[in-house]
Amino acid sequence: MKSYAAVDLGASSGRVMVGRAGPDTLELAEAHRFPNRPVRVPEGLRWDVLALYAGVLDGLRAAGSRCEGRIDSVGIDSWAVDYGLLDADGALLGNPVHYRDGRTEGVAEKVWTTVPAEELYAATGLQYAPFNTLYQLTAARSTAQLAQARRVLLMPDLLAYWLTGEQGTELTNASTTQLIDPRTRDWARGVADRLGVDLGLFPPLRHPGDPAGVLRAEVLEETGLAGPVPVTAVASHDTASAVAAVPAAGERFAYICTGTWSLAGLELTAPVLTEESRAANFTNELGLDGTVRYLRNIMGLWLLQECVRAWGDPDLGGLLREAAKVPALRSVVDAGDAAFLAPGRMPERIAQACRASGQPVPGSPAETTRCILDSLALAHRRAVADAQRLAGHPVDVVHIVGGGTRNALLCQLTADACGLPVVAGPTEAAALGNVLVQARAHGTAGDLAGMRELLVRTQPLTRYAPRGGTARWRAAEARLADR
């Protein structure tokens, strides 16, 4: 077996995991975890990318200590859409802007005056989200930083550049920029030309499994690793890595990647670019081996994370036990509503949404928590049902991967809401997908079907059967539709 370091960066924390893969073995251990705390400065909300890079270096050092200084490859995945700007010398021009920053408010509407929303969707297949990279670049058009920029590097590509000195743009993450044509799997040059986006700012596209350089001598010295250590391009959008690690058999499955966001949808062989799909706000992002991740973004456990923060970080296990005792579907909110995107005052905003829709207002943390989980399960139901209808692709099972697999109540509610069995696990899906792509590139893992079969044999999975029929969930859907 070989050892692989998976750098897996989420919106609230980062970690470096060590994976070992062989024909009958897939093991994963955490080497180092570190916080990812955005910082609000006078210009707005920014990522502390230097702290992230320091965490990566610390993690590689810890990974090496687990493997007697020898790592066979490093791969990096992270959240999507955000980027760093480099000057002509390759130096970073300021901290990258956080996608929750308010600079893109109203920008999409300006873009649509040049390329109408329906044309933009037909060309790129990407759902409307105010923070898509296209809108961020448009918002930055008149800034001094963009005027000086000679390179745009998406977040995992920026960190890979600092590790290796080599630049590239990994395709699965690039597909979230709204500048990729999902049919050709190349840049949507017509869109970029019409909107004045210089695609020459992006380095050449890379595909999962491509070599991405080797660790610089200074990195080897700082981490204590024995060189050479190759860096391998993985499916660097964390959702793409997580979907690669869905332990599914066949094609009749839906997935929900849970964490700060819930990404719910299907794995397809071709994009769905219809006007009906656009109106339903589904996205076509690229996955491993020519696949398309056809999914809807849902606000996810961000709602609960923000409430827990507002309540002073109470015991989450106790809170969930109390929430399980609250009557089901008493109040629900639209978990995809952009009104919940910004941080702060989440319990009050949820209460206001319930009040405005004429529903009972949650009166305790347990009631608010139950409202959030019921609302997420309802959003999962709607996304899975809509995806099947729009793609003409029926499913028999829903796979939940990511951090939400630890939330048994959410998994059971999702099974109940969808009226389908749910298989929960693996929890560290993004890191496992990262490791498996590295392992395949280095000859210790098979094709996508073989990777998934290995996951079924080696990873703990929990199954939830639907209970009680779906009539009450249909009624809750109708309540939201009547708002």
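Residues numbered from 1 in each chain as written. Predicted model: local features only at pLDDT ≥ 70, side-chain atom pairs only at ≥ 80, totals over all residues. Heavy atoms only, no water.

## What about the packing of aromatic side chains?
Heads up, the rule is: Here the aromatic set is Phe, Tyr and Trp, taking the six-membered ring for Trp, and pairing holds for ring centres within 6.5 Å; pairs whose planes are under 30 degrees apart are stacked, those over 60 apart are edge-to-face, and all others are tilted. Helix and strand definitions follow DSSP, with helices as H or I runs of at least four residues and strands as E runs of at least two, each counted in order from the N terminus. Residue burial is assigned from relative accessible area. The probe radius is 1.4 Å, only protein chains are included, and a residue is buried under 20% of its type maximum, exposed over 50%, and partly exposed in between.
Under the counting rule described, the total for this entry stands at 10 aromatic pairs. Between Phe-131 and Trp-261, the ring centres sit 5.8 Å apart and the planes meet at 65 degrees, which makes this aromatic pair edge-to-face. On the criterion of sequence distance, the pair formed by Phe-131 in the loop between helix H3 (117-124) and helix H4 (133-139) and Trp-261 in the loop between strand E15 (253-258) and strand E16 (262-268) is long-range, its members being 130 residues apart. On the basis of relative accessible area, Phe-131 is assigned to the buried category, the value being 8%.

## Points about the packing of helix H17 (residues 429-441) against helix H18 (residues 448-458)
Rules: In this analysis, axes come from line fits to C-alpha atoms, helices being fitted only over the stretch in contact, and the angle between any two N-to-C directions falls in the range 0 to 180 degrees. If an angle is under 35 degrees, it is roughly parallel; if it is over 145, roughly antiparallel; if it lies from 65 to 115, roughly perpendicular; otherwise it is oblique. Note on convention: the crossing is left-handed when the near helix lies turned anticlockwise from the far helix by less than a right angle, right-handed when the turn is clockwise. The contact rule is simple, with two residues in contact once any of their heavy atoms fall within 4.5 Å. Note on residue categories: nonpolar means Ala, Val, Leu, Ile, Met, Phe, Trp, Tyr, Cys or Pro, charged means Asp, Glu, Lys or Arg, and polar means any other residue, Gly included.
Contact geometry for H17 and H18: axes closest at 11 Å, N-to-C directions at 130 degrees. What the angle tells us is that H17 and H18 run oblique. Classified by chirality, the crossing of H18 by H17 is right-handed. Two secondary-structure elements touch here, H17 through Leu-432, Leu-436, Val-437 and Arg-440 and H18 through Leu-448, Met-451, Leu-454 and Leu-455. Split by residue class, the contact of H17 with H18 holds 7 nonpolar, no polar and 1 charged.

## Brief notes about the environment of Cys-257
With respect to the helices and strands, Cys-257 occurs in strand E15. Cys-257 sits in the buried class, given a relative accessible area of 6%. Between the C-alpha atom of Cys-257 and that of Ala-430, which follows or precedes it by 173 residues, the distance is 9.1 Å. With near-sequence residues (within four places) excluded, Cys-257 lies in contact with Thr-239, Ala-242, Val-243, Ser-262, Leu-263 and Val-401.

It is worth stressing that arrangement in space is one thing and function is another; only the former is reported here.
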